[in-house]
Amino acid sequence: MEKLRVHSGHKLFGSLKACSSKNALLPILAGSVLSEGEVTLYSVPNFIDIQKMIEILKSLGAKVTKFGDIIFIDSKNIDRFFVSHELGKDIRGSIVFLGALISRFKKACVSYPGGCNIGSRPIDLHLKGLKALGVKIVEEHGYLYCDGKDMKPTTFTFEKQSVGATQNLILASVMLNGKTTLKNCAKEPEVVDLANFLNRMGAKVCGAGTSQITIYGVEKLKSVNYQVIGDRIVAGTYLTAAAITGGDVEICNISPKYLFSVLKKLAYCGCNVVTKNDKIRLTATNRCKALQSITTGVFPKFPTDMQSAFLSLMAVSNGRCKIYERLFDGRFKQVPDLVKMGAKIDVNCNFASVFGVEKLSGADVSATDLRAGAGLVLAGLNADGYTTIDNVHYIDRGYDHIERDLSILGAEIERIE
Ligand code: UD1
């Protein structure tokens, strides 16, 4: 079992390119099933979740070839519409194969998705939307058996905004003959990127990034070469790492508008944040000021995926911060480990009260999920002595060698057995 060992005392300095967005790539990989030609994706990072999506594509009959970080997907000969429990159980992203396969085959069988253990993660909105499109769904033995032969375009309103459900419904309706209207859609950049990708293949998806998306069905989708957007959560994590160490870091390949709510908070903390085109530079000279409160929400509000990194930042900032987690009910799982490191945090359901201490104390801790794990790495950057984080495989789901990136910025961090 690999671990990360972090030693504090180094301010982060330098420049780094944010990798391509995991959460954009997952539905785009599923969407490649729809192309009658070849899909070429550039700068694909080596995340575990990406590897698993590629395994699923191969199991369906797609030919996937990798040259460095470029992948070629040839879905012409896909002849299976089944995602097994074995392949789907570990990643939440596998659920979007439902929309892609039903679009292409008018039938699909997909196991219930896995994913990070951050609380209950229902899929009712995905299923309600598909049913509204006329898909018949039988849930049996952990699988969703879907029959789409009577699918028709419709108007569907999501009860609440969901990134995955919006992506699934776009994929499902992209080749339906007629006009499908989706209301109360998620506006996250990863929804927009999926729509851009599909449109480059010949689809007609309009309005992504607003709450109403209209899809005009097309008969087929062609080849595409595509560069996915930069990962806003990876970029935000490294900027927060710079803030926590009092460093000076520039992240490129990231549109500042994707991170506006996060940058605003970092500026309130006393950091100097300068943005230019696809670059963000953060300079922190003093210990950060605690924010009064952080409330997570759907885009463009503060992202739940950045909450863990900010929990660590607030744990060493000057003052008290109230954190309200509004999306998931298991997102404070790193708190016991932070407390073990000397943090002063009280949690009550989805609310945490953080009283910043000047310095944490290095300890052996354990990642419980992807973002919580990254949060512990950040805490280790400002803790006396060594912090050892095990269960690194969680962090590897969404960071392509976090230790390499942070080392480039001057951190003392290594992967050990
Ligand atoms: C995606 C991201 C995840 C991020 C989350 C919120 C991927 C692979 N993951 O997850 O990193 O934290 O968006 O930005 O892109 N909900 C329901 N019923 C459903 C679906 C969702 O009640 O059928 C609820 C969820 O419990 C949550 C909220 O809706 O409270 C938003 O979840 P959603 O946007 O669907 O998150 P994911 O797409 O799973």
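As a reminder, the structure under discussion sits directly above these lines.
Residues numbered from 1 in each chain as written. Predicted model: local features only at pLDDT ≥ 70, side-chain atom pairs only at ≥ 80, totals over all residues. Heavy atoms only, no water.

Here's the deal with the nonpolar core
With 146 residues, the main nonpolar core has Leu41, Phe97, Phe197 and Leu198 as its most contacted residues. When residues of this core are assigned to their parent elements, the largest contribution, nine residues, is made by helix 8 (residues 232-245). Dropping the residues within four chain positions of it, Leu41 is found in contact with Leu25, Ile28, Leu29, Asp69, Ile70, Ile71, Ile73, Phe197 and Tyr226. (Core = buried A, V, L, I, M, F, W, Y, C linked by side-chain atoms within 4.5 Å. Buried < 20%, exposed > 50% of the residue type's maximum accessible area, 1.4 Å probe, protein only. Helix = DSSP H or I, 4+ residues; strand = E, 2+ residues; numbered from the N terminus. Contact = heavy atoms within 4.5 Å.)

Observations regarding the site of the ligand
Close to the ligand lie 20 residues, the nearest being Asp124, Ser162, Val163, Asp305 and Leu327. Within the side chain of Lys160, a nitrogen or oxygen atom sits 3.4 Å from an oxygen atom of the ligand. Contact distances for the ligand include 2.5 Å between an oxygen atom and a backbone N or O atom of Leu327. Coverage of the ligand by the protein amounts to 89% of the 740 Å² it exposes when considered alone. Elements represented by at least two residues in the shell around the ligand include exactly helix 1 (22-31), helix 5 (124-132) and helix 6 (163-173). Broken down by element, the shell around the ligand gets its largest block of residues, three residues, from helix 5. A breakdown of the residues in the shell around the ligand according to their chemical character gives seven nonpolar, seven polar and six charged. (Near = heavy atom within 4 Å. Polar contact = N/O pair within 3.5 Å; in protein donor to acceptor, adjacent residues only side chain to side chain. Areas by Shrake-Rupley, 256 points an atom, 1.4 Å probe, with all protein chains shown as cover. Nonpolar A, V, L, I, M, F, W, Y, C, P; charged D, E, K, R; others polar.)

Structural notes on the pattern of salt bridges
Applying the stated criterion to the full structure yields 17 salt bridges. Notably, a salt bridge pairs Lys89 with Glu86, separated by 3.2 Å at the nearest N-O pair. Since its relative accessible area comes to 56%, Glu86 is described here as exposed. Across the pair Glu403 and Arg415 runs a salt bridge whose closest N-O atoms are separated by 2.8 Å. In this pair, Glu403 sits in helix 14 (residues 402-408) while Arg415 sits in strand 26 (residues 412-416), placing the two residues 12 residues apart along the sequence. Three or more residues joined by partner-sharing salt bridges are found here, namely Glu2, Asp396, Glu403 and Arg415. (Salt bridge = Lys/Arg side-chain N within 4 Å of Asp/Glu carboxyl O.)

Focus on the packing of helix 1 against helix 4 (residues 96-105)
Contact geometry for helix 1 and helix 4: axes closest at 8 Å, N-to-C directions at 25°. Taken together, the axes of helix 1 and helix 4 lie roughly parallel to each other. The element helix 1 and its partner helix 4 pack so that their crossing is right-handed. Together, Leu26, Pro27 and Ala30 of helix 1 and Val96, Phe97 and Ala100 of helix 4 make up the contact between the two elements. (Axes fitted to C-alpha atoms, helices over the stretch in contact; angles between N-to-C directions. Parallel < 35°, antiparallel > 145°, perpendicular 65-115°, else oblique. Left-handed = near helix turned anticlockwise from the far one by under 90°.)

Thoughts on helix 5
For an α-helix, the turn length of 3.6 residues means that residues three or four places apart are oriented alike. Looking only at helix 5, the buried set comprises Leu125, His126, Leu127, Gly129 and Leu130. Each element contacted by the buried residues of helix 5 is listed here: helix 4, strand 8 (136-140), strand 9 (143-147), strand 10 (155-157) and helix 6. Looking one or two residues past helix 5, Gly134 carries a phi angle of roughly 100°, positive in sign.

Thoughts on helix 2 (residues 48-60)
With 13 residues, helix 2 ought to run about 18 Å at 1.5 Å a step, and its terminal C-alpha atoms sit 19 Å apart, in line with that. Where helix 2 is concerned, the buried positions are Asp49, Ile50, Met53, Ile54, Ile56, Leu57 and Leu60. For helix 2, the buried positions fall inside an angular range of 155° around the axis, keeping them on one side. (Expected span 1.5 Å × (residues − 1). Arc of directions from axis to C-beta.)

What about unusual backbone geometry?
Going from Phe299 to Pro300, the amide bond is cis rather than trans, its omega being 5°. For Pro300, the location among the structural elements is in the loop between strand 18 (293-295) and helix 10 (307-315). We note that Lys106 has phi near 60°; this positive angle belongs to a residue other than glycine. As for its position among the elements, Lys106 is in the loop between helix 4 and strand 7 (107-111). Relative accessible area serves as the criterion here: at 28%, Lys106 is assigned to the partly exposed category.

Remarks on the packing of helix 2 against helix 4
For the pair helix 2 and helix 4, interaxial distance at closest approach is 13 Å and the crossing angle is 25°. What the angle tells us is that helix 2 and helix 4 run roughly parallel. Along this stretch, helix 2 crosses helix 4, giving a crossing that reads as right-handed. When helix 2 is examined against helix 4, the residues Met53, Ile56, Leu57 and Leu60 are found in contact with a partner set consisting of Val96, Phe97 and Leu101. When grouped by side-chain class, the residues that make up the contact of helix 2 with helix 4 number seven nonpolar, no polar and no charged.

Some points on the sheet that holds strand 13 (residues 213-216)
The mixed open sheet is built from four strands, whose spatial order is 10-11-13-12. Either end of the sheet is taken by a strand with one partner, and the two such strands are strand 10 and strand 12 (204-206). Pairwise comparison of adjacent strand axes, ignoring direction, gives a mean angle of 15° for this sheet. (Pairing = 2+ DSSP bridges.)

Side note on the side chain of Gln334
Tracing the backbone through its elements, the reader meets Gln334 in the loop between strand 19 (320-324) and helix 11 (335-340). With relative accessibility at 1%, the residue Gln334 sits in the buried group. Dropping the residues within four chain positions of it, Gln334 is found in contact with Ser308, Leu311, Thr368, Ala372 and Leu376.

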